[in-house]
Structures are given as structure tokens and as C-alpha cells.
Amino acid sequence: MMLLFMIMMMMPMVYAADSTSWHKFGDTSKTCDWVAAFTKRCGVKGVDKTLAMYACEDACSDYNDEDEDEDEDEDLDVDAQIMQEWRGGQYRDCPAESMWWSHDESVFGGYTGCVAENRLLPCGQDGYDSDAMLEGKNTYLWTGSECVETGTTVENRTFWIMWGLPADTSRLMELTGLNPVVKFPLLRQSYPAYSFQGVDSIGGADDLDAIPSMKSWLEYIDAWTADELEDYGIIMDEGAEQGMVWAIGGKMLEFAQLSCTRQFYLFMEAPAYGYSTSSAARFANLYSSRFLDDCPEDTPDEVSISVVGWLPGTDLPVRTGGDGNEYTVEDVNVNSPWIETLVFPENPSGVLKITRAQDSNRRVCDGVYLYPMFFSDGEIPKEKLPECSTWAFSATKIYSAMVRTGFLMYNLEPETNGDAMKTIAGSQVSLTYGDYSEWSWWGHMQINDILMAKPYTDETSWVGAYTTIQQAKWTAITEGFDGCPYVEITNPFSGAYAWFRMLDPYLGLHDGVSENTFFAMVIGSRNPTYSWGFRGADPADYYGEGYGTYDFIRMQLFRSQFVYEEVGRRASIACNGGAVEGYLSGEEWAAMMTDSRRRLSELTVESAADIISTHAPRLSKDQVNHHANLWMHSKKVHDNIEASCAPSYETSCLFAQTGRREPDLFVPAN
């Protein structure tokens, strides 16, 4: 009898037809209907450990797992085999924002299983911070040998939604049915030599095949036609950030060779993203011997650059050129000190900015978000695309931030533009700075092939699926914040970020903090005020009296879809007068912040806790301390940013002060 019982326990549960209760482990939305879309999903394990082939009898009627086991090469292509081994693609059995991994024995005791996509931390959960996992503040506690459920859920999580970290893998795989794999043969080869280093096609430049691939991608997304792309050259690099810094440095080098101007100004319509201008100047100064030498004796030997923010409706700023005359960004003169930058669509506002420089050769553009899914109707508005001397692109936002590959596209006219760009790029792609890997451009070509396999208007294509996901995220937050008396979204369905502004009478309540307190304490979402993005411009000049740089909030839209659905759910509660469990109501928050502004002494964790408990006495002591610690942490980070990153607020410095990845925190129960 015992033997029979053991045999029965070892047998898989069998259902008479498609089960109505079965779903993939870690994702309740993936039922037998999901399995039916792609037969290979019949090998996926369910929450009760039953394989789909047994639970979804109708969906898997044509599935033959024995053939697959006997001759895997015959039934599966190479990509599917690789994904099956890595449990990715259509063989994923890990929750969203996690992946399958096997650690070395020296790392987490050789843990094998679902790990966070960020940091590869054990257990099937996000990996925004190791402390949260080790202290039991996340879904699982890693004890050093196993993952133990903590009882915490999505509903009591304070989400970290600061930087644009792509985490859409699970949903993208579901909608596309893809097994995306990039493959490299391991070959013994010489040092690389690239076209922008002066190696032409006759000399056998390594990257010549990458150039038409990048142009084909731009043609595929309907940004440029093949004929239009004939006017541009391509330089392969490791991402848009690098490309933009090279471009800014290249423009300074170009203009310093043509004029006596040495102090340059980067014109940015606020709010705007910040680049490492100090690095750009350093790159240009490597070639200071090439600067025009027929200049006054007091002309500096090196170039420098400052950032100037501007808002529409105000006078254009004026600065002095190398000839002693004053110029605005609109003036067309070789001695002008201006270089214009813009992101299309803009980060963080989602705005399609109108160019100000009349000479397009003084404009460098960032195309890191130039993809159909970041525009309201799912198409790039080509008629509004600005003419720029350079465009910087990256695989980061379309594919993966872990994959460091991109390209800089430069206008062939004037020749001085291309010469300067190739000079700057050539100085950085060297053994000294780390030569550009062949795998970067080779992999980027394969990524392009994967992404272009179907027309982007096809809902199962990569871009088509991504568009569906972005629309779902936007829908969740726009519906959640609809009619909210505290904040409003300024750019619904436009851009890669939701750009919020506070509403009167709640303006000015959280000056001096890097994270918006309303979102953190009421919604449970950690988002930056992005105060640094105004670059010296006054928001009141554009948004109206009473607005300051701390009255705006940026929410990146790159985390998994469930995050925004939960944020939208909470917003609907808070914006209609309620309070989310463990958090303050909107009015409690307003009273708390008003009280804190009246206090003359510097706030501490203890005094912050006292203020919170006074205005929200229903919260437990642990919940009060959670919010007080987060509040003071935000003030500390803000002080560090101002001390270390002002006035240019370069992103590398902001990352250093805020952290690239911080924890999702959990609010304690009453």
C-alpha cells in the first residue's frame, strides 16, 4: 500500500481537459490559453509543479515531449535549445524581474534557481538592493542556504522607480513568443581596426558590415529613408551617453579649430538630461594643438563648457564669443559659443522640442528614445524630427541596459563635423581606454536582426509588443491619477517617462529633498523631483507663479507592468480621499509637510517621526519609522547631490549619489 501511495505521489496530476486553475509558476496570468499560443510552452511548470502538457490537455494535444527528448536538435532550433537550457524566452519559469542562474560555489553557496535580473541575487524577486533581501524586507529572505517567504506582497511595497532600468523581459517574451539569442563563435583574431580610425574599405575595416545594419534599423522604424541616410556616417560605440559626450567634445574641437572661441555653452530647454560635459571638454583638449592659433594673446589654451537652461516664453540667454561679440543660440556665426542639445522625445518631459539654433551644425541630438513605442500613436512623427549634426543611439532602452552597444550618426556635411567626430572617437577607442570589442558591434547587428524579424506594426514583433506594454503602463497610471487634486501628468502617453507636476495649493511643500515626499509617503513610489533638470531656469516663468524646481516628479516606465498597475491602484485610492494601507493620506501628508516647514530646527529621524505620528496617528510605530527614515535619507541624498554634482549635475555624479539601483522597501504591518 505504501509503495502504491509513493508511486501515485510521483505521478503528475492529470486533468481531463484544459484546467481552469492551472497557471505558470510565478505568473497567474499565464493560463492554458497562454500555453495554447505556442506549443513549446507545454513544457512549462505550473504553480503546483504540474507541467502544462498535463494540465492543458486540449492546448497540448499536438505536443510530443518524447520526440523533443529523443532528438532535441530535430525539434528545436539552436536559439530554442539555448533558451531551454537557460530557462529563458519561452522556457521562462521565473517571476517578472528575475531570471534563471547558477552561481559558483563561492557565490551565495552555489545557489541555482531564480535570481534577480539586477545583481543576480538569490530568490525569484527584484534585485534592487541586497540589504532588503538579507533583512527580510523583500518577498523572500535569503538565509544563506535557502529562500524563505516573508509574507510581504506587492501591496505593501514602496517601489524604487528612479532610473530607467529595463525590466520588461517576462512580458516581452510572452507577447512575442521569441527565444532571442545572440551567438558568437570563439575565434582567434587580431586587434580590431575601425573605419572611424582612418581604416577604409580597401584596408578592411572591421565594422563595415555594422554600418548598413544600423542604417537598416533606422529605416525599419521609419525614422529616415535609405536615401536620407546616404547623408550620414556611422561610428559604433557603447551607447547613447558615450555618443553624446563624444559629439559635444567633437563640436568644441570643430569650432575651436575655426574660431578663437574657447568658452562654450550648452543650450538646453529645461527640464533636460545632463551629460558629462567635463569629459567632453577633456576629449577636445587632447587636440588643443589643432586649435586656431591666430587669436588674441589672452585666448585660453583649452576649451571649457557650461550648461545653460532655458524655458519657452523667456528671453534667449546671451553669451560672449571668442571675437568679443555677444550671441544667442539663434545667431549663425563661426564665433558663436553655443551648442544646442536635445533628446527626442525629451527626458523627462516627453516633449517634442522645437529647435532654437538656426545652424543645425550646432545641434547634437540624443536618439536613445527614438522608438515608435515612446510616441503617443506608436509611430515616430518624422515631420517633427529635428535636423542635427549628430544623433546618438543605443540598444539600452530597446533591448537591454546590460548590453553596452550603440552608434553615433554624423552628418557628412560639413566635412569638419565628421572629421571632429572621428577624431574624438578614435582617441577613446584605443588600448589605453579599452578597445571597442568586436562582440559589441557584431552583437548589435544580431539584435537588429531579431528586432526587425517582423514589421514593427505587428503586435507580436518586438517593437509591437513593447508598444502594447507601454500603452498598458500609461493606461494604468493615467487612469489612477485621473482627476487627482494633488498632482497631474503633463505628458500622457508621450515619452519614456511620466512627468508629473504638483497642483496648487500643494506647491513648495517639499523643497530640499531628492525624492518627492507625496509619492513616497502617499503612493509608495520613490521618484526623483528632478530638480536638477532645470539647469538654472525658473519653472515659474513657464508653468506659472508658485512653481519651483521641486514641484515636479519623474516616473520612469521601464519596470515590469505589474509595478505601474499597482501604482495606479494606489493612486486611485489616494486621489479620491482615501489612504493606502501603511501610507499617509494626501491631506495627512500636506499637514505633515506644512508642519515641518514651520519648525526652526533641523529635522532628524526622531523629529520627522514625531511629525508623521502627529498627523497620521493611525500608523504603527514601525510604519512611522519607515517613512521617517526614508524622508531623512532623501534629504541626505539631496544634500550630497548639491555638494558634489552642482552646477552641471552630470548623470554619472547623480548615479554615484543616489545609487543606480536601490531597494523596493516594504511597509511594516500594523
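In the block above lies the structure referred to throughout.
Below or above, wherever it landed, is the structure these notes cover.

Rules used throughout
Residues numbered from 1 in each chain as written. Predicted model: local features only at pLDDT ≥ 70, side-chain atom pairs only at ≥ 80, totals over all residues. Heavy atoms only, no water. Pairing = 2+ DSSP bridges. Helix = DSSP H or I, 4+ residues; strand = E, 2+ residues; numbered from the N terminus. Axes fitted to C-alpha atoms, helices over the stretch in contact; angles between N-to-C directions. Contact = heavy atoms within 4.5 Å. Parallel < 35°, antiparallel > 145°, perpendicular 65-115°, else oblique. Left-handed = near helix turned anticlockwise from the far one by under 90°. Buried < 20%, exposed > 50% of the residue type's maximum accessible area, 1.4 Å probe, protein only. Disulfide = S-S within 2.5 Å. Expected span 1.5 Å × (residues − 1). Polar contact = N/O pair within 3.5 Å; in protein donor to acceptor, adjacent residues only side chain to side chain.

### Considerations on the sheet that holds strand S8 (residues 304-310)
The seven strands lie next to each other as S6-S14-S13-S12-S11-S7-S8, forming an open sheet whose pairing is mixed. Because the sheet does not close on itself, it has two edges, and the strands there are strand S6 (232-237) and S8. If you compare each strand with its neighbour and ignore which way they point, the axes differ by 20° on average. The strands touched by helix H9 (residues 210-220) are S6, strand S13 (390-394) and strand S14 (406-411); relative to S6, the strand with the most contacts, the crossing angle is about 110°. Against the sheet, helix H13 (residues 415-428) engages S6, S13 and S14, with an angle of about 155° to S14.

### Digging into the packing of helix H8 (residues 169-176) against helix H15 (residues 462-480)
Two elements in contact, H8 and H15, have axes separated by 9 Å at closest approach and are oriented at 125°. By the angle between their directions, the pair H8 and H15 is classed as oblique. Crossing of H8 over H15 shows right-handed handedness. In this structure, H8 contributes Arg 171, Leu 172, Met 173, Leu 175 and Thr 176 to the contact, and H15 contributes Trp 462, Ala 465, Tyr 466, Thr 468 and Ile 469.

### Side note on the pairing of S14
Counting buried residues in S14 gives six out of six residues, a clear majority hidden from the surface. In S14, alternate side chains face the same way, and those of Gly 406, Leu 408 and Tyr 410 on one face and Phe 407, Met 409 and Asn 411 on the other are all buried. Two strands pair when backbone bridges link them, and S6 and S14 are joined in this way by six bridges, in the antiparallel orientation. The residue of S14 that forms the bridge with Tyr 232 is Asn 411. One ladder, built from five bridges, connects S13 with S14; its direction is antiparallel. Bridging across to S14, Trp 391 finds its partner in Met 409.

### Thoughts on the state of the cysteines
Inspection of every chain in the model, using the stated rule, returns eight disulfides. Here Cys 94 pairs with Cys 114 through a disulfide, and the sulfurs are 2.1 Å apart. In this structure, the disulfide formed by Cys 94 and Cys 114 twists by about -90° around the S-S bond and is classed as left-handed. Of this pair, Cys 94 sits in the loop between helix H6 (78-86) and strand S1 (98-102) while Cys 114 sits in strand S2 (residues 112-116), and the two are 20 residues apart along the sequence. There is no split in this pair, since Cys 94 and Cys 114 are both buried.

### Let's talk about the sheet that holds strand S15 (residues 487-489)
Strand order in this open sheet of three strands is S15-S16-S18, and the pairing throughout is antiparallel. Of all the strands in the sheet, the pair left with one neighbour each is S15 and strand S18 (552-556). Pairs of neighbouring strands in the sheet enclose a mean axial angle of 25°, with direction left out of account.

### Description of helix H14 (residues 438-451)
When the terminal C-alpha atoms of H14 are compared, their 20 Å separation across 14 residues agrees well with the 20 Å that a helix rising 1.5 Å per residue should span. Within H14, 11 of the 14 residues are buried, leaving the element largely enclosed by the surrounding structure. Within the sequence span of H14, burial applies to Glu 438, Ser 440, Trp 441, Gly 443, His 444, Met 445, Gln 446, Ile 447, Asn 448, Ile 450 and Leu 451. Looking at the buried side of H14, the elements it contacts are H9, S6, S14 and H15. Backbone nitrogen of Trp 439 and a side-chain oxygen of the N-cap are separated by 3.1 Å at the start of H14; the cap is Ser 437.

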